[in-house]
Amino acid sequence: APLAPLAAIWGERATGRIDGRVSLASNGGGLTGEADIRLDDARVSGRQRGTLDMHIVGNLTPGRLTSTVDATSEGGLVAHFEADAPVETSAAPLRIALARERRGRARWSVRGPADALWAAARLPDQSLSGALDGEGEIEFGAGYLSGDGHLEIVDGRFEDKLTGVRLVDLDARVALDERGVTIENFTASGPRGGRLTATGGSVNDRQGSITVDVDNMRVADRPDAHAVASGELTLAWEGLRSSLTGELNIVEASIDIASNPQAGIPTLDVIEINRPGEEDEPLEEEERPRRNGSTTLNVTVTAPGRVFTRGRGVDAEWALDMRLGGTAAHPLVFGVARAVRGTLALSGQPFEIEDARIEFTGDPLDAQINMTAVRDTADLSARIRLIGTARDPEITFSSEPALPEDEILPQVLFGRSVEDLSALEAAQLAASLAALSGRTSLDLMDAARAAAGLDRFNVRQDEDGGFLVAGGVYLTRDVYVEVARTGLGQAQTRLEWTIRPRLVLITSFLGNGDQRVSLRWRRETD
């Protein structure tokens, strides 16, 4: 049969053909079965250059699984693998698992390009290319590995699509002996600079450690986040238990918080009734058995600055003093992030961040936020305070002189009362607040402003009752230029110069040739 329909079940696109037979039966004491499958001219789209031919033969008894795999590719790959593994099987539930108290044996040999063999491993989030060479025999069991042999890759390239990490110029050689695995050589570079090396291996047949040194290399490189770091990480194991410890110093990082795919998607609390088996009460979190092999984390992450967050109106630089804990399956974050400098923008109007602190106590969405930002105009000084958790932040406003809370933003953003706002201005104000609180991921006004490269963008009613579309940029921190056009096509230009925080000079050039000059000021009294 064509391979494409079967590959589509796993979300893959593939060409080639598959031919073979698989049988599985229950004899009351476990499972038995046989398999004889051939893949001809197989190619997984996007993960290998040439085609792959593979022959898989397997035999299953209630307590043992034997298999052989032979593979060749048009690129020159020649690989052979055979294994004899003790297993535990059952029909209800259907289960085939490695027996914990017994050991199995395997033998392998491989020469040629790595990409074709890697594609057969069905790891869609990672890719590996380079020249492979290796052979040997191993003895394995639950938490046990020893043998005699080696595996080497030269001029390799690795990519992890989830983190965006890419390694080039990858040269590695791993040896197997009676102790287990030993890294004889592992060096790689980042495509944008930096270096990664790894050393270590097994101390005996049940424990060991591997140390990874990162030198000024990108440890994350995604559209929504990237980070350059230096440091040392150590992966240690003993039997089925493993841990990752070390320190990372963030040299530079940028995070686009508006690109979070979960932003703007509400979650509903659902109670499912009459579900089959609902009489079985679910275990509490602390009662659930811990998955074997779950790696515990204890990694310190520090940054004196140059960690930037952008999106939802926030453009800020942070310093970090944090620790990554929990497990690889459920990581937790502890520590604090402090703002070095930054702005918080609503409808294109920047508020200077006075103080900001985020305390992490486990789940990142439960982080406690305490942020204050201020904007001074000729009429008033307005403050925004963002407090609460990242999951559900709360926004409050205050001003000098004191105004009702619902009047502060309309005055500081549009220079008028909330009752005088047009429908579009009111919608723009609501969208800015929703984006800041994380309750929406789409702000049409802000998207249009960003697409046009403007600092401000506004649609409001003019003095004649029509609509006025206005947009502008800050030439400097204190000089703002705006160009507006009415619904009748008349153009207007305005220049604002903030001479002092409470003194603004405004020059307007109207479409009919008139010019206006005005001065706005504010005087504080006790």
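Given the structure is predicted, the values throughout are model-derived calculations rather than measurements.

## Looking at the overall build of the protein
Then comes step 1: A count of helical and extended segments in the protein gives five helices and 28 strands.
Then comes step 2: Scored against the burial criterion, the 526 residues of the protein give a buried share of 37%.
Then comes step 3: Intrachain contacts of the protein at a sequence separation of at least 6 include 40% that bridge at least 24 residues.
Then comes step 4: Accessible area of the protein: about 29,900 Å², with a carbon and sulfur share of 53%.

## Description of the confidence of the model for the protein
Then comes step 1: For the protein, the mean per-residue pLDDT works out to 80, and 80% of the residues sit at or above 70.
Then comes step 2: Within the model, the stretch residues 261-266 combines pLDDT values under 50 with six contacts to residues more than four positions away or in other chains.
Then comes step 3: Here residues 277-293 is modelled with pLDDT under 50, and outside its nearest four sequence neighbours on either side it reaches eleven contacts, counting other chains as well.

## Things to note about the pairing of strand E10 (residues 166-177)
Then comes step 1: Alignment of strand E9 (residues 144-160) against E10, held across eight bridges, turns out to be antiparallel. Counted as the bridge partner of Ile153 is Ala172 from E10.
Then comes step 2: The antiparallel pairing of E9 with E10 creates a hairpin that spans five residues between the two strands, and Gly164 there sits at a positive phi of about 80°.
Then comes step 3: Across eight bridges, E10 lies against strand E11 (residues 180-189) in antiparallel orientation. When the sheet's bridge partners are listed, Asp177 is paired in E11 with Gly180.
Then comes step 4: Once E10 ends, the chain turns through two residues before running back antiparallel as E11.

## Concerning the environment of Thr343
Then comes step 1: With respect to the helices and strands, Thr343 occurs in strand E18 (residues 331-346).
Then comes step 2: Assessed through its relative accessible area of 21%, Thr343 is described here as partly exposed.
Then comes step 3: As for Thr343 and Arg375, which are separated by 32 residues in sequence, their C-alpha atoms are 9.7 Å apart.
Then comes step 4: Residues in contact with Thr343, not counting those within four places in the same chain, are Gly313, Val314, Asp315, Pro350, Phe351, Glu352 and Ile353.

## Side note on unusual backbone geometry
Then comes step 1: A cis amide bond links Glu400 with the next residue in sequence, Pro401, at an omega value of -5°.
Then comes step 2: With respect to the helices and strands, the residue Pro401 is situated in the loop between strand E22 (393-400) and helix H3 (405-414).
Then comes step 3: The phi angle at Asp169 is positive, at roughly 50°, despite the residue not being glycine.
Then comes step 4: As for its placement among the helices and strands, Asp169 is situated in strand E10.
Then comes step 5: What makes Asp169 partly exposed here is its relative accessible area of 43%.
Then comes step 6: Phi at Asn216 takes a positive value of approximately 55°, unusual for a residue other than glycine.
Then comes step 7: Checked against the element boundaries, Asn216 lands in strand E13 (residues 207-222).

## Remarks on the nonpolar core
Then comes step 1: Residues Trp318, Phe351, Met371, Ile384, Leu409 and Leu413 are the most contacted members of the largest nonpolar core, which totals 42 residues.
Then comes step 2: For Met371, the contacting residues outside a window of four places in its chain are Trp318, Leu344, Ile353, Asp355, Ala356, Ile384, Arg385 and Leu386.

## A word on the side chain of Thr211
Then comes step 1: Along the chain, Thr211 falls in strand E13.
Then comes step 2: In contact with Thr211, not counting residues within four places along its chain, are Thr197, Ala198, Thr199, Glu232, Leu233 and Thr234.

## Remarks on the pattern of salt bridges
Any two side chains of opposite charge can pair if their charged atoms end up close together.
Then comes step 1: On inspection of all chains with the given rule, the structure shows 17 salt bridges.
Then comes step 2: The closest approach of N and O atoms between Arg64 and Asp84, which form a salt bridge, is 2.6 Å. Remark: Asp84 occurs in strand E5 (residues 78-91) and Arg64 occurs in strand E4 (residues 64-73); sequence separation between them is 20 residues.
Then comes step 3: For Arg111, the salt bridge is made with Glu135, and the minimal N-O distance between the two is 3.9 Å.

## Remarks on the environment of Ala172
Then comes step 1: Within the secondary structure, Ala172 sits in strand E10.
Then comes step 2: Under the relative-accessibility criterion, Ala172 is labelled buried at 8%.
Then comes step 3: Residues Ala172 and Leu151, spaced 21 residues apart in sequence, show a C-alpha to C-alpha distance of 8.3 Å.
Then comes step 4: Beyond its immediate sequence surroundings of up to four residues, Ala172 is in contact with Leu151, Glu152, Ile153, Asn185 and Phe186.

## Some words on the side chain of Ser381
Then comes step 1: Examined against the element boundaries, Ser381 turns out to sit in strand E21 (residues 381-389).
Then comes step 2: Note on Ser381: relative accessible area 5%, which makes it buried.
Then comes step 3: Within polar-contact distance, the side chain of Ser381 engages the side chain of Asp376 at 2.5 Å.

## Focus on the pairing of strand E15 (residues 241-256)
Then comes step 1: Both strand E14 (residues 225-238) and E15 contribute to a ladder of 14 bridges, which runs antiparallel. Within E15, the position partnered with Ala236 by the bridge is Ser243.
Then comes step 2: If you look at the hairpin formed by E14 and E15, you'll find two residues sitting between the two strands, and Gly239 has a positive phi there, around 65°.
Then comes step 3: Pairing of E15 with strand E16 (residues 295-311) involves twelve bridges; the strand directions are parallel. Residue pairing across strands places Leu248 opposite Val301, the latter belonging to E16.

The rules we used
- Residues numbered from 1 in each chain as written.
- Predicted model: local features only at pLDDT ≥ 70, side-chain atom pairs only at ≥ 80, totals over all residues.
- Heavy atoms only, no water.
- Helix = DSSP H or I, 4+ residues; strand = E, 2+ residues; numbered from the N terminus.
- Buried < 20%, exposed > 50% of the residue type's maximum accessible area, 1.4 Å probe, protein only.
- Contact = heavy atoms within 4.5 Å.
- Areas by Shrake-Rupley, 256 points an atom, 1.4 Å probe, with all protein chains shown as cover.
- pLDDT = per-residue confidence, 0-100.
- Pairing = 2+ DSSP bridges.
- Core = buried A, V, L, I, M, F, W, Y, C linked by side-chain atoms within 4.5 Å.
- Salt bridge = Lys/Arg side-chain N within 4 Å of Asp/Glu carboxyl O.
- Polar contact = N/O pair within 3.5 Å; in protein donor to acceptor, adjacent residues only side chain to side chain.

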